[in-house]
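The lines below spell out each chain.
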Amino acid sequence: MKYYYYYYHYFVIVLIIRVNLIYGQQYYDPNDCSSNVTNQGTRYTCNHLSQDSCKTFLVYRANQKFQAISTISALFNLNTNDLLHLNNLTSSFESLKTGRDVLIPINCSCLGQFFQSNFSYTPLQNTSLIEIACGVFNGLVKRITLYLENPFGTRNYVKAGSNIHLPLNCACPDNLTSLKGIKYLVTYPLIEGDKTSDLIRKFGVSLNDLSEINHLGNGEPTIFTSTTILVPLRVDSIINLSIPSFTHGPSPPPNFLPISKKPMKSSIQRKVLFIVGCVIGIFLLLLLLVTCAIYYIRAFMKMKKGNNNNTKYHSFTTPISSSTCLSPDFLVGIKFSLLSYSMEEIKRATRDFCEENKVCSQVYKGNMDDHNVNVIVKKMRFEETRPVIDLHSKINHINIVKLLGVCYGESDDDFSWCYVVFEYPTKGCLRDCLTNQTTPLKWHQRTQIAFDIATGLHYLNFCTFPSYAHMNLHSRNIFVTSNCRAKLGDIGSTPFGASSKGNYCNNRSVRAPEYLPQSLESDKIDIFAFGTVLLELISGRECCEEKSFRESIRFLGGSGDSSDNSEGGCFEQLKCFMDPSLKHDYSLAETLCLAVLAKACVEDDPLHRPSMEDIIKVLARMVYSF
């Protein structure tokens, strides 16, 4: 009898284990998709004694990289028409709102000990496992799963062209559980603002079913951003698309990894951290003040000693002419940076102002220091020189042409004129680079140049005091370095609210419709001019006349011609608009994005043009995307 007793208990234990293995025990994993650890619910378990495979669904969130059904269907290798019908949509090219739910039909199979829906993905650029898991695929697979399933030899980064195996999370229902009658288990990625009450309204399920299938416990459970949850459905009606994807809190930024909610620290911890932070801040402030005081005292003593010894503090190559008529107070602001050139040096650099070195009226190119430094020499009125020198003595930016020095007229007939010397980047002006058929600019170089121009304008408009506007931006006063980085020229004559006086060359750009000499919308005029430069970078053609300029962008929409707006017509016309020297070596999606940005920049109403911050955000995603 004793042995029968033990055999009975052994049989009961084996039976319990066997019953648990017959159907998958699915758990909700609160760790976000970027987590490095495995947990119950990281992947959904299965057993071959239960249902091996099933047809089910997962929910994908539209984002800026995959915003239309055409791109989403290509991502999941699905038929576009099937997705349109399933999601109540009519156009495969319609841009969906960021975060909009898109229902994806999948085959879910039990492979090994986990349910999974197998896909593959080939990144076009270097990226990371976190970006693929949490960015491209919305957290439908964990980063740790990608790492275990794809032996790359590195823990985070993936090279362009790599074939990524994607076992997306899914599960099949098992009617041996207490939840009988379940037809589908939909894999749903959670974003900021999602609550269980939202899921109940959107899918028409009960809280009891949702909690039991995910082992969430009693009451309204807590769920976290950047995780997945299984939604059990008893009917064929999958999702109510009329209910927004989230009803609480702001939308997460597109294509940025969401942040998981963390438990709040206690009030005592917060107070301690606040006090420690204040003490550290006060200490650093005092240290900074002491350092500044010591530096100021040393500089003052050095200057006083130099004045007593008649020491000259400028780094000029030749003595300053006695006819400069500039006060010592003015010279002290530039003595550490500017060179003072003699008239002989200017003539030698420009080969005595010969026609071959002439760029345009009053502007010459040349070489200083025995042909080692390329320069631009600009002849200016004496009274126009000071604002240029004043601004360049304050700024130092990689995307703005550097002021090297100045030469003041040394003869009586040349006394009212000055010669201002700027650096001259190796490849010359942007217009010459776009017309150079021998070594044409490549697409990635053009997007980098556009980003550099926007960065330089933003610096002038918002990072200088007082703020300055360019007011004469065009492709002939934008210069390109040997590594294809852009620098803005003709800087310093135009603070906000003033007219443009000094130009490298005559203005050959299309001016904004609201242009007035005393316009208060100077930054919007710069944005309009930036839009015309973007169109030149795309097409290679110079925008000189407003009529032809307007005709060149009719295909982008708003012309009223239905033929221009037909499906696919825009892309064909865009290809015809592109610079032939690119030879189709460009991203059509990036080109369309840049063309739409250019069209927004040249809107007639200045208030409808984007801000410089928005422009930089768009271009930064092209230049620095992985």
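Keep in mind that this is a model prediction, so the values were computed, not measured. (Residues numbered from 1 in each chain as written. Predicted model: local features only at pLDDT ≥ 70, side-chain atom pairs only at ≥ 80, totals over all residues. Heavy atoms only, no water.)

Draft legend 1. Layout of the pairing of strand S2 (residues 101-111). Sheet analysis places strand S1 (residues 53-61) next to S2, joined by 9 bridges and oriented antiparallel. Directly across from valine 59, in S2, lies its bridge partner leucine 103. Taking the residues between adjacent antiparallel strands as the criterion, S2 and strand S3 (residues 114-121) are bridged by 2 residues, where glycine 112 takes a positive phi near 70°. (Pairing = 2+ DSSP bridges. Helix = DSSP H or I, 4+ residues; strand = E, 2+ residues; numbered from the N terminus.)

Draft legend 2. Region of interest: the sheet that holds strand S11 (residues 363-368). Taken in spatial order, the 6 strands line up as S9-S13-S14-S12-S11-S10 in an open sheet, and their pairing is mixed. In the strand order of this sheet, the two ends are held by strand S9 (339-340) and strand S10 (358-360), each with one partner. Relative to strand S12 (residues 373-381), S11 runs antiparallel, the two being bridged by 6 bridges. Its bridge partner lying in S12, asparagine 367 is registered against asparagine 374.

Draft legend 3. Representation of the state of the cysteines. Here the structure, examined in full by the defined rule, presents 4 disulfides. Here cysteine 33 pairs with cysteine 134 through a disulfide, and the sulfurs are 1.9 Å apart. Across the S-S bond linking cysteine 33 and cysteine 134, the dihedral sits near 140°, which makes this disulfide right-handed. Placement of the pair is cysteine 33 in the loop between helix H1 (2-22) and S1 and cysteine 134 in helix H4 (residues 129-136), with a sequence separation of 101 residues. Disulfide partner of cysteine 108: cysteine 170, at an S-S distance of 2.1 Å. Of note, the bridge from cysteine 108 to cysteine 170 carries an S-S torsion of about 85° and is right-handed in sense. One end of the pair, cysteine 108, is in strand S2; the other, cysteine 170, is in the loop between strand S6 (164-168) and strand S7 (184-189), and 62 residues separate them in sequence. (Disulfide = S-S within 2.5 Å.)

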